[in-house]
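Architecture and fold: a report
Here is how the chains run, residue by residue.
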Amino acid sequence: MRVLAAMSGGVDSAVAAARAVDAGHDVVGVHLALSAKPGTLRTGSRGCCTIEDSHDARRAADILGIPFYIWDFAERFTEEVVETFVGEYAAGRTPNPCVTCNEKIKFEALLEKAMALGFDAVATGHYARLSVVDGVPELRRSADSGKDQSYVLASLTPEQLSHAMFPLGDSWKTEVRAEAERRGLSVANKPDSHDICFIPDGDTKKFLENRLGQRPGELVDAETGAVLGRHTGVHGFTVGQRKGLGIDAPAPDGRPRYVLSLEPVSGSVKVGSVAGLGVKVIEADRAIWPSGRPLTEPTECVIQVRAHGGIVEAVADADADTMTLHLREPLRGVAPGQVVVLYRPDPDEGDVVLGSAKISGTR
């Protein structure tokens, strides 16, 4: 096949491209320029998509002997990922920009352009497994559970998955680094990127305040209604947050307070004890079914609400667009705007992604 290898400049995408070459495909490497100011997006191991990263990707492509290009997606990345991220926080929701980036940039914008240029598939360095069962794509967890990225890929459609390749799905990260070393790739020991790529210093609150300004409101005790303090904007908080609340007086019982809910219209941030965080029912909408098969009856499954954690058994009631999830045990830190992913357990071959949706409410 003609394969476009998305090369971020890291070790994973370089080895994924190498394996696509080894498999006999006609491979072309491409690095996505996602920022108008690429020199500002890396601080040590934080951030990505810098000029340094593009140079690392080019060197890897040279060693592999494949053509290499840089495509400028900065404007679309800003519109689809950064502005969506800011807008969601302004509305009191907690988004995952990596999910949005995979959906809107790597497997919408990139795949569209690749298909238009005659490529058959896009290969990436994601840790996830992809198979076809009875003509239907199945997205599964990777062999390396600690690096599994099926959660951030669960918003892909069957059509997108049919043109995707994840060569690292059956590998462990240690194996990938060792392979890169054997191949002479200079990125073999390059640190992985962490946190949000367009906030390399990790200060999300400052980033949002620079764009949204201050929107003062009150910190309110969820049980008594007492005003405990003031804040500069609901965008500085997320459900489950304990630190940085700005409340001077301790709780009557001396235990920590947590953010329980956000009300962006009134500017109220409700706080309370950890007991108030337990969620038993999740409502979600804008469902996506990677296999193209929505659930038609109550289904036992495992759900996940964060990229690395927030996993619990549940029963899902769903249709093509919405779902109600009844959790077998309470789950903490569940916030509107987060993505919930449903899995069918399969410990031998990797749990299968059934669907995903945006959390709209909890009980």
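Here the structure is a predicted model, which is why all the values come from computation and not from measurement.

1. A closer look at the pairing of strand β13 (residues 268–272)
One face of the sheet, then the other: side chains in a regular strand alternate in exactly this way. Among the five residues of β13, four are classified as buried, and the element is accordingly described as predominantly covered. Relative to β13, strand β10 (residues 217–221) is paired through three bridges, and the arrangement is parallel. When the sheet's bridge partners are listed, Val-220 is paired in β13 with Lys-270. Hairpin connection of strand β12 (residues 258–263) to β13: four residues between the antiparallel strands, including Gly-267 at a positive phi of 80°.

2. Considering the packing of aromatic side chains
Inspection of the entire model under this criterion finds seven aromatic pairs. Ring plane angle 80° and centroid distance 5.2 Å describe the contact between Phe-85 and Phe-198, whose orientation is recorded as edge-to-face. One end of the pair, Phe-85, is in helix α3 (residues 74–90); the other, Phe-198, is in the loop between α7 (173–182) and α8 (204–212), with 113 residues separating them in the sequence. By relative accessible area, which is 2% here, Phe-85 ends up buried. One aromatic cluster in this structure is built from Phe-77, Phe-85, Tyr-89, Phe-198 and Phe-207. Sitting above the plane of the Tyr-343 ring, Arg-141 keeps its charged end 3.7 Å from the centroid. When the ring centre of Phe-237 is taken as origin, the NZ or CZ atom of Lys-205, which lies over that ring, is 5.8 Å away.

3. What about the UniProt feature "site: Interaction with tRNA" (unreviewed entry) in the protein chain?
On the UniProt side, "site: Interaction with tRNA" (unreviewed entry) is annotated at positions that read His-126 and Gln-338 here. For His-126, the position within the fold is in the loop between β6 (121–123) and β7 (129–133). Given a relative accessible area of 6%, His-126 falls into the buried group. Excluding its chain neighbours within four sequence positions, the residues that come into contact with His-126 are Asn-102, Lys-106, Phe-107, Gln-149, Leu-153, Phe-166, Leu-168 and Gly-169. Reaching out from His-126, the side chain makes a polar contact with the side chain of Asn-102 at a distance of 3.0 Å. When you line up the elements, Gln-338 lands in the loop between β17 (323–331) and β18 (339–344). On the basis of relative accessibility, which here comes to 9%, the residue Gln-338 falls in the buried class. Those residues in contact with Gln-338 that lie beyond four places of it in its chain are Thr-94, Val-305, Arg-306, Gly-333, Ala-357, Lys-358 and Ile-359.

The rules behind the values
- Residues numbered from 1 in each chain as written.
- Predicted model: local features only at pLDDT ≥ 70, side-chain atom pairs only at ≥ 80, totals over all residues.
- Heavy atoms only, no water.
- Buried < 20%, exposed > 50% of the residue type's maximum accessible area, 1.4 Å probe, protein only.
- Helix = DSSP H or I, 4+ residues; strand = E, 2+ residues; numbered from the N terminus.
- Pairing = 2+ DSSP bridges.
- Phe/Tyr/Trp six-rings, centres within 6.5 Å; stacked < 30°, edge-to-face > 60°.
- Lys NZ or Arg CZ within 6 Å of the ring centre and 35° of its normal.
- UniProt positions renumbered as here; feature names shortened; annotations may be inferred.
- Contact = heavy atoms within 4.5 Å.
- Polar contact = N/O pair within 3.5 Å; in protein donor to acceptor, adjacent residues only side chain to side chain.

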